[in-house]
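# Residue-level structural notes
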Amino acid sequence: MALLLPREAPVVVRPVDQLRASDAAFDRLGAMNDATLGSAHADLTQRLGTERERPGDRAELASCVLRWRPSLASVTQARLLLADPRSADEERWARVADRFEANAARPVLPVDRLNVVVNNRCPMVCAGCYNDFSSESMSLDLVHRLMSESVRIGIRSWVVSGGDPVLWPHLPEVVRACFDNGLAVGVDTTGVALTHAVAAAIAPWVAYVGIPMDAPEGAEDRFRRHGTSVPHDYAERAAAVARSAGIPVKINTVVHRSNIGHLASIAQRVAAVEPSTWSLFEWNPVRARPALVERMALDEGMFDLAIDALEAGRTGPPIRRGSLADRSFGNAVVQCDGRVLTAGSFSRSQILLGDAVREPLDIVLSSIGYRRRGRKTRPAERFAVADA
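Residues numbered from 1 in each chain as written. Predicted model: local features only at pLDDT ≥ 70, side-chain atom pairs only at ≥ 80, totals over all residues. Heavy atoms only, no water.

What follows deals with the side chain of Asp188. With respect to the helices and strands, Asp188 occurs in strand S3 (residues 184-188). A relative accessible area of 14% places Asp188 in the buried class. Separated by 3.3 Å, the side chains of Asp188 and Asn252 make a polar contact. (Helix = DSSP H or I, 4+ residues; strand = E, 2+ residues; numbered from the N terminus. Buried < 20%, exposed > 50% of the residue type's maximum accessible area, 1.4 Å probe, protein only. Polar contact = N/O pair within 3.5 Å; in protein donor to acceptor, adjacent residues only side chain to side chain.)

This is the structure we're talking about:
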């Protein structure tokens, strides 16, 4: 089957690309360990031997060995560090080690959907977002490789996201190439930059356009950081643009402590745009600082109770839900530089599975840090790609 995208120079993941000035020392060490596999690995090994009894270091060290390309060897190292957990952080990472060890004995289920982040530019700056907010975007060479790998290993659909993929100039040609190569594709956008021209260019090739709606009508500004200027009815405008081009609309709602009490009002707003489906996801604190976790994270079980109550007796578009428990370490995302990531359900639980630039995708997705849960799907349903 011919692939239709031109090739560009390959992307190389450099150590500096994975570092931020605010990263903790052990995070920086972990990033360097992945990229160099040299002196940093030796340094980490030495620290494991000499600092394992220092209070506070054990969870940091265990997270390093489990977060960067986890293996049974790193599980063993983490278990040595956390043989007698003494803090909540140590208990969390001990449970992660247990899970990864159990994953090694579980079959690797076929992956039918790939989440692809094509850029990190975004016109919105929402509290709690885990976007990198960089100028980086995915090269067509990497898109070509991912598409070829997806077809080879039987992936049936892509969810293209960002940032905001509508701001990526290659979006129309890429969604058409996906379609021509047998991949169903959905596009998750903020909707702010979705014009009639862009909608018309992608309409023949996409299964849906996903648009966020996280607050009751007129209240979106309460969930953004200071300084953003986005029209309060941006979602309604984007939905109208998509529908005018014949594109089905999916509404995405991230549920957190600040908006969980407003779900009934949000449901009324959602119903007014007549989407084909409504996806609700529990907010993930994977990159959040403690103060933000305190403000936004839900207590265990609160999300499912709220969605159960929302569904009781309601009419409207079908609801798809995604709790943290359901999605933890079971949702792989290819970043625009080729890193393949998954995440747990707590702060700083992001796991680097591998590098799609240099490694076969099926090998990366067989990492013990990731197992997709088996579930019934409806291949004929156009929104089978909707639950990113």
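On to the packing of helix H10 (residues 263-272) against helix H12 (residues 302-311), then. One way to put it is that H10 packs onto H12 with a least axis distance of 10 Å and a crossing angle of 55°. In terms of orientation, H10 lies oblique with respect to H12. Classified by chirality, the crossing of H12 by H10 is right-handed. Within the contact between the two elements, H10 uses Leu263, Ala264 and Ala267 and H12 uses Ala306, Ile307 and Leu310. Of the residues in the contact of H10 with H12, the class split is six nonpolar, no polar and no charged. (Axes fitted to C-alpha atoms, helices over the stretch in contact; angles between N-to-C directions. Parallel < 35°, antiparallel > 145°, perpendicular 65-115°, else oblique. Left-handed = near helix turned anticlockwise from the far one by under 90°. Contact = heavy atoms within 4.5 Å. Nonpolar A, V, L, I, M, F, W, Y, C, P; charged D, E, K, R; others polar.)

Our focus in this paragraph is the sheet that holds strand S5 (residues 249-255). Pairing in this open sheet of ten strands is mixed, and the strands run S7-S6-S5-S4-S3-S2-S1-S8-S9-S10 from one edge to the other. The sheet terminates laterally at strand S7 (319-322) and strand S10 (350-355), the two strands that pair on one side only. Bridge count for strand S4 (residues 208-212) against S5 is four bridges, and the pairing is parallel. Residue pairing for S5: Gly210 is matched across the bridge by Lys250. (Pairing = 2+ DSSP bridges.)

One can find Asn331 in the loop between helix H13 (324-327) and strand S8 (333-334). Reaching out from Asn331, the side chain makes a polar contact with the side chain of Asn115 at a distance of 3.1 Å.

The next subject is H10. Taken as a whole, H10 has its buried residues at Leu263, Ile266, Ala267, Arg269 and Val270. One side of H10 holds all its buried residues, which, seen down the axis, span an arc of 165°. For H10, exposure combined with an orientation more than 90 degrees from the buried face picks out Ala264, Gln268 and Ala272. If you follow the buried residues of H10, they end up packed against helix H9 (234-244), S5, strand S6 (277-282) and H12. (Arc of directions from axis to C-beta.)

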